[in-house]
Amino acid sequence: MNDRVLLDTDLKTIGEVIDTPTMLFNADRVIRLNSRAKLFPVEDCGLQRLFNTYKKSEKVKIKEKLQGTDGISIRVRIAARRVSYLGDTFLIGEIQEAAPEGENMDAAGSAVYRMMLEMTQKMGRFSSEEEINHFILEYSQKAVKDYGYCSVMSVQDGVAVIVEKAGYSDRVYGLRMPVEDTFLYHATQGKCDRIVNIGDLHLQPYDSIYSRQVLAAEGNGRICSTISAPICIDGMLTGMINLDSAQVNAFDEEDTALLSLVKNNVEIALTNRKLHQQVLNAELDFLTGIGNRRYFEKAFRFADKKNLWVVQFDMNHLKPVNDRYGHAWGDRIICEFVKKLEGIKQQKEAIARMGGDEFAGIFYAESEQEMIRRMEELQEEIRREPVTAMGEQIIYSFSYGICGYQPGENDQVLRNMIKCADDRMYQYKAAYKKKYPFGIADREAEKALI
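Please read these numbers as outputs of a predicted model, since none were measured by experiment.

What counts as what
- Residues numbered from 1 in each chain as written.
- Predicted model: local features only at pLDDT ≥ 70, side-chain atom pairs only at ≥ 80, totals over all residues.
- Heavy atoms only, no water.
- Helix = DSSP H or I, 4+ residues; strand = E, 2+ residues; numbered from the N terminus.
- Buried < 20%, exposed > 50% of the residue type's maximum accessible area, 1.4 Å probe, protein only.
- Contact = heavy atoms within 4.5 Å.
- Areas by Shrake-Rupley, 256 points an atom, 1.4 Å probe, with all protein chains shown as cover.
- Pairing = 2+ DSSP bridges.
- Phe/Tyr/Trp six-rings, centres within 6.5 Å; stacked < 30°, edge-to-face > 60°.
- Lys NZ or Arg CZ within 6 Å of the ring centre and 35° of its normal.
- Core = buried A, V, L, I, M, F, W, Y, C linked by side-chain atoms within 4.5 Å.
- Axes fitted to C-alpha atoms, helices over the stretch in contact; angles between N-to-C directions.
- Parallel < 35°, antiparallel > 145°, perpendicular 65-115°, else oblique.
- Nonpolar A, V, L, I, M, F, W, Y, C, P; charged D, E, K, R; others polar.
- Salt bridge = Lys/Arg side-chain N within 4 Å of Asp/Glu carboxyl O.

Before going further, it helps to spend a moment on the overall build of the protein chain. Scanning the protein chain from N- to C-terminus turns up 13 helices and 20 strands. Residues classed as buried in the protein chain amount to 48% of the 450 residues present. Sequence separation of at least 24 residues holds for 59% of the intrachain contacts in the protein chain that already meet a minimum separation of 6. Summed over its atoms, the accessible surface of the protein chain is roughly 23,300 Å², and 48% of this surface lies on carbon and sulfur atoms.

What follows covers the pairing of strand E11 (residues 225–233). The element E11 is extensively covered by neighbouring structure, given that 8 of its 9 residues are classed as buried. By the bridge criterion, 3 bridges tie strand E10 (residues 196–198) to E11 in an arrangement that is antiparallel. Within the sheet, the bridge partner assigned to Val196 lies in E11 and is Ser228. Here 9 bridges tie E11 to strand E12 (residues 236–245), and the two strands are oriented antiparallel to one another.

On to the packing of aromatic side chains, then. The tally for this structure, following the rule as stated, stands at 11 aromatic pairs. Taking 5.9 Å as the distance between ring centres and 70° as the angle between the ring planes, the aromatic pair formed by Phe313 and Phe337 counts as edge-to-face. In this pair, Phe313 is assigned in strand E13 (residues 308–315) and Phe337 in helix H11 (residues 327–344), connecting sequence segments 24 residues apart. Ring geometry for Tyr400 and Tyr428: centres 4.7 Å apart, planes at 45°, overall tilted. A residue pair is termed long-range when its members are at least 10 positions apart, and Tyr400 in strand E18 (residues 398–404) and Tyr428 in helix H13 (residues 410–435) qualify at 28 residues. One Lys or Arg, Lys305, reaches over the ring of Phe300 and ends 5.1 Å from the middle of that ring.

Bringing the nonpolar core into the picture now. Looking at soluble globular proteins, one finds that nonpolar side chains tend to be buried together. Grouped together as the largest cluster of nonpolar side chains are 29 residues, with contacts concentrated most on Phe313, Phe337 and Phe359. If you list the elements that add at least two residues to this core, you get E13, helix H10 (318–325), H11, strand E15 (358–364), helix H12 (368–384), strand E16 (387–389) and E18. In terms of residues, this core owes the most to one element, H11, which gives 6 residues. If sequence neighbours within four positions are ignored, Phe313 has contacts with Phe337, Leu341, Asp357, Glu358, Phe359, Ala360, Gly361, Phe363, Met375, Phe398, Ser399 and Tyr400. By size, the runner-up hydrophobic cluster in this structure holds 25 residues, among which are Ile227, Ile231, Leu258 and Val266.

A separate point is the packing of H10 against H11. Put simply, H10 and H11 touch, their axes get as near as 6 Å, and they point 140° apart. On the basis of their axis angle, the class for H10 and H11 is oblique. Contacts between H10 and H11 involve Leu318, Val321, Asn322 and Tyr325 from the first element and His327, Trp329, Gly330, Ile333 and Ile334 from the second. Here the contact of H10 with H11 is composed, by residue class, of 6 nonpolar, 3 polar and no charged.

Our next topic: the sheet that holds E15. Pairing within the open sheet is antiparallel, and its 4 strands lie in the order E14-E15-E13-E18. Each having just a single partner strand, strand E14 (350–355) and E18 make up the two edges of the open sheet. Here the average twist between neighbouring strands, direction ignored, is 20°. Of the pairings in the sheet, the one linking E13 to E18 comprises 7 bridges and is antiparallel in character. The residue of E18 that forms the bridge with Met315 is Phe398.

As a working rule, side chains carrying opposite charge can pair if their charged atoms are close by. Scanning the model with the defined rule gives 19 salt bridges in all. We note a salt bridge from Lys263 to Glu267, for which the minimum N-O separation is 2.7 Å. Of this pair, Lys263 and Glu267 both sit in helix H8 (residues 253–282), 4 residues apart, which is roughly one turn of that helix. For the pair shown, Lys263 and Glu267 are each scored as buried. One salt bridge connects Asp285 with Arg353, and the closest N-O pair in it is separated by 3.3 Å. Of this pair, Asp285 sits in the loop between H8 and helix H9 (293–302) while Arg353 sits in strand E14; the two residues are 68 residues apart in sequence, bridging distant segments of the chain. There is no split in this pair, since Asp285 and Arg353 are both buried. The network of salt bridges with shared partners includes Arg332, Glu336 and Lys339.

Interpretation note: all reported values are geometric properties and have no functional meaning in isolation.
Have a look at this one:
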């Protein structure tokens with residue numbers, strides 16, 4: 001069997017999607033494929049040695065002890081397989097588990113490594129900005145011990161705001177200051193591109209900036225030294241970590257190195273969260289907030305196929321509404337229709353906007369008659385609740401077609417079902433237009449029937 005060939009596009013996808021440390025390696029080189037791998041403290045030579053041991057296996061589970069970057073021995077478990085990249089044979093593997101060998105580590109090295117592993121386990125589980133900010137504060141405090149005050153700042157539109165703190169009172173939460181008035185900005189000449197350790201804040205220009213604002217909120221005290229780290233996503237400053245002390249020269253190179261570890265992990269977590277949100281947004285329809293075609297295809301792929309029906313919807317005579325009342329009212333009708341669809345959607349079912357005034361749904365029913373009954377009940381409910389536009393009532397309706405699950409080739413099943421449901425929907429629409437060719441249901445009442 002030939003080895004799978006990896007392309008540069010494959011490596012890019014792995015870097016964006018895979019969350020565990022993933023590496024591509026052979027006897028000559030090691031390629032770290034994602035941000036998490038770049039943080040993993042294993043020397044390249046250790047992985048290169050493993051390649052020579054396991055290169056004959058197509059798939060392999062590796063349990064070995066490697067040499068860490070600080071002379072620390074690390075037990076690792078790697079799930080790997082043989083691949084071809086740029087004409088050479090490699091192993092590609094995810095590091096599934098890693099733990100330090102205690103007998104070869106000093107107390108400080110062990111603590112650092114355990115903190116890294118602990119952070120790695122927690123990253124990616126955040127559901128809110130508050131959880132992320134608390135995570136940053138917690139591990140900044142663990143990384144730098146001799147601080148008096150700690151603050152996490154969010155930066156938006158050139159303004160820094162304290163969103164988490166330790167040592168300070170709650171009064172600092174109301175502070176807003178230009179980024180130009182922060183220690184980090186002055187120490188990096190406005191670049192805000194690196195961690196800075198400022199040993200004496202009595203010196204200009206630091207004496208006149210934000211320490212005065214912060215401590216004024218406290219009512220007493222004085223910051224004499226600080227260590228500050230930027231948080232950057234896609235090259236843009238989005239936050240800061242500040243650890244301050246009332247002592248001069250309170251922080252050293254080890255503090256800087258540990259805070260750098262926190263900074264890098266935080267930036268990975270925020271970047272992954274942003275990518276996840278982008279993927280979610282890519283599956284949503286902007287106008288209605290429900291899924292789009294991409295979402296619908298994904299929902300069908302993972303749906304339970306027993307008693308599954310695909311329903312295609314198309315709104316009737318929407319153009320007269322747009323022409324008479326404006327497109328804003330046409331959009332309003334679409335959104336009202338979505339609310340009604342959401343109202344009948346049951347557990348496991350899904351609806352999506354396929355484009356314009358076309359929609360599709362995945363529904364479950366024991367029979368075609370049951371599906372028809374559900375659709376006609378929805379039709380009647382909509383007719384009973386017209387939308388009022390410019391003092392006039394718009395009674396809208398829809399055409400639909402249904403198709404039960406049809407087993408077949410995976411790539412063709414949904415396509416065939418959509419075509420089947422589409423054909424039936426257009427039969428329904430043709431009969432409707434024959435009855436209401438102009439979309440006017442009741443001329444005397446001046447009600448527009450779409």
